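Remarks on the overall topology
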Amino acid sequence: MQTPQHLDAKNGRIVNLDDLKTIAEQEALLKSQLKHRIFVCMGTACQSCQSADVLDSLTREVSTRGGQAECLVTPGGCQGNCAEAPLVVVEPGGQLYRGVAPGDAASVIDSLKTGPVKRLLCDTTAPFFTEQTRLVTEYRGLVNPERIEDYIAVGGYIGLLTAVTELTPDEVIQQVTRSGLRGRGGAGYPTGLKWSTVAKAVSEQKYVICNADEGDPGAFMNRSVLEDYPFRVLEGMAIAGYALGATQGYVYVRAEYPLAVKRIEKAIAGAQRHGLLGNNIANTQFSFHVEVRLGAGAFVCGEETALISSIEGGRGLPCPRPPYPAESGLWGHPTLINNVETYTNIAPIIRNGGDWFAKIGTEKSKGTKTFALSGRVKNTGLVEVPLGTTLRKIIFDIGGGVPEGHKFKAVQTGGPAGGCIPAEHLDAPIDYESLQSLGSFMGSGGMIVMDDTSCMVDVAKFFMDFCATESCGKCIPCRVGTVHMRDILNKITTGEASLEDLAQLEELCDMVKYTSLCGLGQGAPNPVLSTLRYFKDEYMAHIIDHLCPAGVCAGKGQDIRRPACVL
Amino acid sequence: MNSAAPSLPSSSQNVVAAPSDDKRWRIVGATMRRYGFAPSALIETLHTVQNSFGYLDTQSLRFVARSLKVPLSKAYGVATFYGIFRLKPHGEHTCVICTGTACHIKGAAKLLATIDRCANIRDAETTKDNKLSLVTARCFGACGIAPAAIVDGQVIGNLSPETMEELVRRCLKS
Ligand SMILES: Cc1cc2nc3c(=O)[nH]c(=O)nc-3n(C[C@H](O)[C@H](O)[C@H](O)COP(=O)(O)O)c2cc1C
Ligand code: FES
């Protein structure tokens, strides 16, 4: 890629909106010289299905035919329907091919002249594609995540340079407040309010942290966003830095996401090279640096105070709040912690204005939300919808419902602090308040569908086991309570529990919920409470009849006290 | 709470000598240097040690603790708090089975049972011939293709017990 003339003079630094325009025009010119562009998804799911080999063989096929000048084969991002990986998109035309093997390269290249390869074609008029609203996953898959020019060509960095050169920090915060954006990490705290608290704090040093720990099992939205839009996350963090008067940012990302780590590190280097991170951004006084910190497999480190201890190099133990990180966070300085998706929403808000964002969603929950749809549902993958969309629409229209003629039983949202929502509430709109009133939780966006092959007591036991293992051990209600609850749930699934045990379980739920130190313990009883609320009959079947209605704890109709072999 | 800033450079004159002249210690040294030997670089450094040597032993913990001037007890505490760090080496092959929610619903337990049957190992165990180690993880973000596993660094999705058995047999043979 050639650098535009006048940028060379500034060592490739991009300092104003004109520079962005020049690059965007260059990219448009490049694009217009190409007849075709072929995007091969390089996300985790597609790579696990050998999409790198597909990329190689497509590239080879094009070059043996001497077509490099008019056909570009490039890595792309997630298309969402990960169940059908590996995925390839051909532009213009937008044909989406699924399950592409390296051996299909010749047919795909032939198709540029002869028309789509029918046997590989995905129906993009299906609700899975048409019923989504793409804001966080804008230009899905059609930007090379490793090229900053690709990002700039679709409007990248206009937000940051507008903020730094045309708006005061206060005005930036005002836009974020007007947008009504709420934290996407789970609790839904108003982002504008959090920003203004940190902005008001007086300190020489402030920090901006991006929470990319995504510990909820069954959630992979943040991974996908980091893999596909690393520059946008960095742009959001830099805008926050400008608004708050912070000069240093950290991305705390779990080590289980090697590809996301690689992409964000590459993006940091790229942004630095172009002067979009580092000293004197846009030739102003504003400087902002970002470093990556790796998690190491502890769920509790997603909790903000534990995350801070971890960045400081210690064990991830949470601390009582107040003081909140906004007043005293990393190394005792005011610190902003937001989720990956929260930051991803910032650049479009600055670019299009807060009012634009506030038009999407419901009265109290603005914007869109990405969900990781998985479990017993036909179209597993990443989906994005406006807040307020019903669960039914996501699971049955977009998700295509439960496969193999099974019956929908419940959907689990909110991770280990969330709950299971049964069929009778499928028409509830998804927003922070209504999920909470149903005994669940927005969480970061995992949505695991369960059908008649899942036992709800087993599911409750699964989450309690998770919390007992992940409890950091600092406070007693969580450390001891979760183990007791797991033991009782274990007894229930092996048919050895009595009604007194059930009463004790309910009592423990209450105690752990209200006396634990951090959100891990406070949320741990939720899966039990919600399954007790909606599926008490299943508990009773285990305790009184010694039967597991779903046939999980023992075969159907078999006494669970004589457990059958799982195989 | 530690009040030192992250980039506070400590004097480089008293750099601790590496335990041996194994070249991999240089990579470890480079990580510590990158963070100015700050105590807060502990987790990053342990990651580098594990990536270079495969696991953390007493010798490497001692070296890192002395280099970063943190008590050995703290280094040990961190190494044992975080699930990713291991104090024992893995076998020739490593299989990580996801036991996250989506994989649980889609039958991760059957995969574990298959491995137990074919290789006679459970979570965090290694076969006697040192060929295969089994570990479990809680979700690595491949929930769209659950149940998933990572075999020798490669993510594999939509696993059936039959494919699992084939993968295990291949590891045990090679
Ligand atoms: C046990 C526990 C785990 C958490 N895990 C995450 C996580 O993985 N990612 C995240 O963004 N927030 C997580 N949170 C919420 C964070 O503490 C914090 O509220 C959030 O990062 C704030 O960002 P937001 O305002 O953008 O949502 C977790 C909280 C608790 C109690
Ligand atoms: S639950 Fe297994 S990869 Fe997410």
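The structure displayed is predicted, hence computed values, not measured ones.

1. Digging into the packing of helix α23 (residues 526-534) of chain A against helix α24 (residues 536-545) of chain A
All names here are of chain A. Viewed as axis vectors pointing N to C, α23 and α24 meet at an angle of 90 degrees, and their least axial separation amounts to 5 Å. Looking at the two axes, α23 sits roughly perpendicular to α24. Counting all contacts with α23, which are made through V528, T531, L532 and Y534, the residues of α24 involved are K536, D537 and Y539. Of the residues contributing to the contact of α23 with α24, the split by class is four nonpolar, one polar and two charged.

2. Section: the domain arrangement of chain A
Residue and element names in this part refer to chain A. Domains assigned within chain A are domain 1 (34-127), domain 2 (155-358), domain 3 (368-451) and domain 4 (456-545). Taking the mean C-alpha position of each, domain 1 and domain 3 sit 30 Å from one another. With five residues of domain 1 at the interface, the matching set in domain 3 holds five residues. Taken together, the two surfaces of domain 1 and domain 3 that pack against each other cover about 370 Å², and 59% of this comes from carbon and sulfur.

3. Re the sheet that holds strand β13 (residues 446-451) of chain A
All names here are of chain A. Taken in spatial order, the five strands of this open sheet run β10-β9-β13-β11-β12, and their pairing is mixed. The open sheet has two free edges, formed respectively by β10 (381-386) and β12 (419-422), since each of these has just one partner strand. The sheet shows a mean angle of 30 degrees between the axes of neighbouring strands, direction not considered. Strand direction decides the pairing type here: strand β11 (residues 408-413) and β12, joined by four bridges, are antiparallel. Looking across to β12, one finds that T413 is bridged to G419.

4. Quick word on the side chain of E138(A)
Residues and elements named next belong to chain A. Along the chain, E138 falls in the loop between α6 (127-130) and α7 (148-153). Engagement of the side chain of E138 in a polar contact is seen with the side chain of R232, the distance being 3.2 Å. Discounting residues that sit within four places of it in the chain, E138 has contacts with Y229, R232 and R351.

5. Some details on the interface of chain B and chain A
Interfaces are frequently sized by the accessible area removed from exposure as the parts join. Between chain B and chain A, the contact holds 41 residues from the first and 59 residues from the second. Contact between chain B and chain A buries roughly 3,900 Å² in total, counting both sides, with carbon and sulfur atoms accounting for 63%. One can count one salt bridge joining chain B with chain A. For the salt bridge of R138(B) with D465(A), the shortest nitrogen-to-oxygen distance reads 3.3 Å. The set of elements that each furnish at least two residues to the side of chain B that touches chain A consists of α2 (42-53), α4 (72-81), α5 (101-105), α6 (108-119) and β5 (154-156) of chain B.

6. Some words on the site of ligand 1
Residue and element names in this part refer to chain A. Around ligand 1 there are 18 residues in total, and G185, K194, N338, N339 and T342 lie nearest to it. At a separation of 2.9 Å, an oxygen atom of ligand 1 approaches a polar side-chain atom of N211. One of the side-chain N or O atoms of N339 is found 2.7 Å from an oxygen atom in ligand 1. Relative to its unbound accessible surface of 610 Å², ligand 1 loses 89% to contact with the protein. At the level of secondary structure, the elements contributing two or more residues to the shell around ligand 1 comprise β8 (335-339) and α22 (519-523). The biggest single contributor to the shell around ligand 1 is β8, with three residues. When grouped by side-chain class, the residues that make up the shell around ligand 1 number three nonpolar, nine polar and six charged.

7. What about the pattern of salt bridges?
Under the definition given, this model contains 36 salt bridges over all chains. E256(A) is paired through a salt bridge with R254(A); the nearest N and O atoms lie 3.5 Å apart. The residue K131(B) makes a salt bridge to E92(B) at a minimum N-O spacing of 3.4 Å. Of this pair, K131(B) sits in the loop between β2 (125-126) and β3 (132-137) while E92(B) sits in the loop between α4 and β1 (93-98); the two residues are 39 residues apart in sequence, bridging distant segments of the chain. Among the ionic contacts, a cluster of salt bridges with common partners joins E27(A), R147(A), E149(A) and D150(A).

8. Points about the nonpolar core
Generally speaking, nonpolar side chains in soluble globular proteins are found buried as a group. Ranked by internal contacts, the top residues of the largest apolar core, which has 65 residues, are Y157(A), W195(A), V208(A), M237(A) and F288(A). The element contributing the most residues to this core is helix α12 (residues 230-244) of chain A, with ten residues. Leave out the neighbours within four places in its chain, and V208(A) touches M237(A), A240(A), G241(A), L244(A), A246(A), Q248(A), G249(A), Y250(A), F288(A), L336(A) and Y343(A). Ranked by size, the runner-up nonpolar core spans 45 residues in total, among them W331(A), F466(A), A524(A) and F37(B).

Rules behind the numbers
- Residues numbered from 1 in each chain as written.
- Chains lettered and ligands numbered in written order.
- Predicted model: local features only at pLDDT ≥ 70, side-chain atom pairs only at ≥ 80, totals over all residues.
- Heavy atoms only, no water.
- Axes fitted to C-alpha atoms, helices over the stretch in contact; angles between N-to-C directions.
- Helix = DSSP H or I, 4+ residues; strand = E, 2+ residues; numbered from the N terminus.
- Parallel < 35°, antiparallel > 145°, perpendicular 65-115°, else oblique.
- Contact = heavy atoms within 4.5 Å.
- Nonpolar A, V, L, I, M, F, W, Y, C, P; charged D, E, K, R; others polar.
- Domains from an automatic or database assignment.
- Buried area = accessible area lost by both parts, 1.4 Å probe.
- Pairing = 2+ DSSP bridges.
- Polar contact = N/O pair within 3.5 Å; in protein donor to acceptor, adjacent residues only side chain to side chain.
- Salt bridge = Lys/Arg side-chain N within 4 Å of Asp/Glu carboxyl O.
- Near = heavy atom within 4 Å.
- Areas by Shrake-Rupley, 256 points an atom, 1.4 Å probe, with all protein chains shown as cover.
- Core = buried A, V, L, I, M, F, W, Y, C linked by side-chain atoms within 4.5 Å.
- Buried < 20%, exposed > 50% of the residue type's maximum accessible area, 1.4 Å probe, protein only.

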